[in-house]
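Structural overview for review
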Amino acid sequence: MSVRTASINLRYVDSQTVAVSLDETVTKQDLRDLLEVFGAADVAASGQLSQGTADAVASVGQTSAAVPDLLAQAAGIKSIDDAPISPAFQRTRPLLQHEIFNMYHSEHELLRYIYRLQSRDLSLTTSMIPLGSCTMKLNATTEMIPVTWPEFANLHPFAPLHQAQGYHAMFRRFERDLCEITGFDAASLQPNSGANGEYAGLRTIRQYLISKGEGHRNVCLIPVSAHGTNPASAMMAGMEVVVVKCDADGNLDFADLKAKAEQYKDRLAAVMITYPSTFGVFELGVRNVCELVHSYGGQVYLDGANMNAQVGLCRPGDYGADVCHLNLHKTFCIPHGGGGPGMGPICVKSHLAPFLPSHPVLPTGGEASFGPVAAAPYSSASILAISYAYIRMMGTRLVAKRARGLLVSRGAKRALPRCTWGRVRGTCRLEGPEARHADGAPQRQLHAQAPRKVLRHSVH
Ligand SMILES: Cc1ncc(COP(=O)(O)O)c(C=O)c1O
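Bear in mind the structure is a predicted one, so any value in this text is a computation, not a measurement.

Turning our eyes to something else, we now look at the site of the ligand. Residues in contact with the ligand, as listed here, are Ser193, Gly194, Ala195, Glu198, His227, Thr229, Thr274, Asp303, Ala305, Asn327, His329 and Lys330. A distance of 2.5 Å separates a nitrogen atom of the ligand from a polar atom in the side chain of Asp303. His329 is positioned with one of its side-chain polar atoms (N or O) 2.6 Å from an oxygen atom of the ligand. Expressed as a share of its isolated accessible area of 380 Å², the protein-covered part of the ligand is 81%. Contributing elements (two or more residues each) for the shell around the ligand: helix H9 (194–211) and helix H14 (328–331). It is H9 that contributes the most residues to the shell around the ligand, three residues altogether. Split by residue class, the shell around the ligand holds two nonpolar, seven polar and three charged.

The next subject is the pattern of salt bridges. Scanning the entire structure with this criterion turns up nine salt bridges. Glu240 is the salt-bridge partner of Arg267, the closest N and O atoms lying 3.0 Å from each other. Here Arg267, found in the loop between helix H11 (254–263) and strand E6 (268–274), pairs with Glu240, found in strand E5 (residues 240–244); they are 27 residues apart in sequence, far enough to count as distant. Judged by its relative accessible area of 29%, Arg267 is partly exposed.

As for its placement among the helices and strands, Glu198 is situated in helix H9. No salt bridge is formed by the buried Glu198; its nearest oppositely charged neighbour, Lys330, is found at 8.0 Å. Within the local environment of Glu198, its side chain forms a polar contact with the side chain of Asn230, the two groups lying 3.1 Å apart. When near neighbours in sequence (up to four residues on either side) are disregarded, Glu198 contacts Thr229, Asn230, Ser233, Met272, Tyr301, Asp303 and His325.

Reading the values: rules and limits
- Residues numbered from 1 in each chain as written.
- Predicted model: local features only at pLDDT ≥ 70, side-chain atom pairs only at ≥ 80, totals over all residues.
- Heavy atoms only, no water.
- Near = heavy atom within 4 Å.
- Polar contact = N/O pair within 3.5 Å; in protein donor to acceptor, adjacent residues only side chain to side chain.
- Areas by Shrake-Rupley, 256 points an atom, 1.4 Å probe, with all protein chains shown as cover.
- Helix = DSSP H or I, 4+ residues; strand = E, 2+ residues; numbered from the N terminus.
- Nonpolar A, V, L, I, M, F, W, Y, C, P; charged D, E, K, R; others polar.
- Salt bridge = Lys/Arg side-chain N within 4 Å of Asp/Glu carboxyl O.
- Buried < 20%, exposed > 50% of the residue type's maximum accessible area, 1.4 Å probe, protein only.
- Lys, Arg positive; Asp, Glu negative; His and termini not counted.
- Contact = heavy atoms within 4.5 Å.

Structure (structure tokens):
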């Protein structure tokens, strides 16, 4: 029996060594197959067995499935089924004993239980919430279902490529979609979170600078308004953080940025900006910021955690950013919160593509990469199916429309002239008279002009 006919994947450590991990899903039959793959029958024929075992093997025939058991007996075990599990690894308590696990056993009961739980949550359906545009999204059932399919849920991250072709087709298409939405040229799906994406993006920038003989550039300019992960990621990526001031409205202080860029011009590696900012402000001078930093030899890292407010309206790659992360658990529907799984892919301009994260087990990423940023080459790949389904179902243009719809509805357009313009910190929801058709039915059509008008006034 070969590994292929036995449907077993081994880890090929080097030309002489293979490794295999066993867990509690492995059955006794799997063990039999494994022994057979490793030539239990050949051992039986090798003449190394005691006379009694050799006779027993001869009586059943070397190709018999009973050979592994006979070898087990030779080792003092009655059969593989009786193979003892070391007490150190034995469970001492029964599994899933909490009453909740034993109360809801039909789909409807479980659905109602989950619905009851979520109704206790504070969300936009009942009140204003203190989180930004980043969290506006819908986790539709159709997006969530593929996570439960064994084809997505049970595949090992290091499964050979020929067994994971569907996954890889999804990766490639998804990367293309993200590039189209953000205006970049290449993507890495490896980072596991927004913060991990920041680290990956900054390491990519550093590797690019090193390749140009500018490894001494290590200063990262970060506005005081930045999310706390920005300076932490910069430090972890080996950069020195220099803080840039913001004005009272949360805008980046351009004069201070220019002064710091000038002061560190020989060592400037990057600026990290968040757009719209954590204050909820669309910085009017974002292009100028990018141009300024480029003119001093630095790269622009765009924190895309608030991408939901940009989708369809503007693209980081168009206004001057070099790299950007996307929190799929924010903008692209992966459930967020409670420490749940996340994914923070990064998108880059073509000059950074060769330096994207790679992986030692499955070849991926750039050819001149600094290495991996996560244990698995495509991080939490099974939840990627959620974002993939969302984009496929909405279409990249429709994602744009929906994001606009979340910003403002047609009803709000009429209300706009009556709005008092001012700056808002955090998220603002515009409410206007509900637009209706002549027959009284609510109009659902989204209006393209309204969001632009809103954005011109720095409101989101
Ligand atoms: C602006 C900003 N940047 C970065 C992050 C970090 O993302 P993550 O929580 O996925 O690590 C967040 C998360 O809230 C954020 O709001």
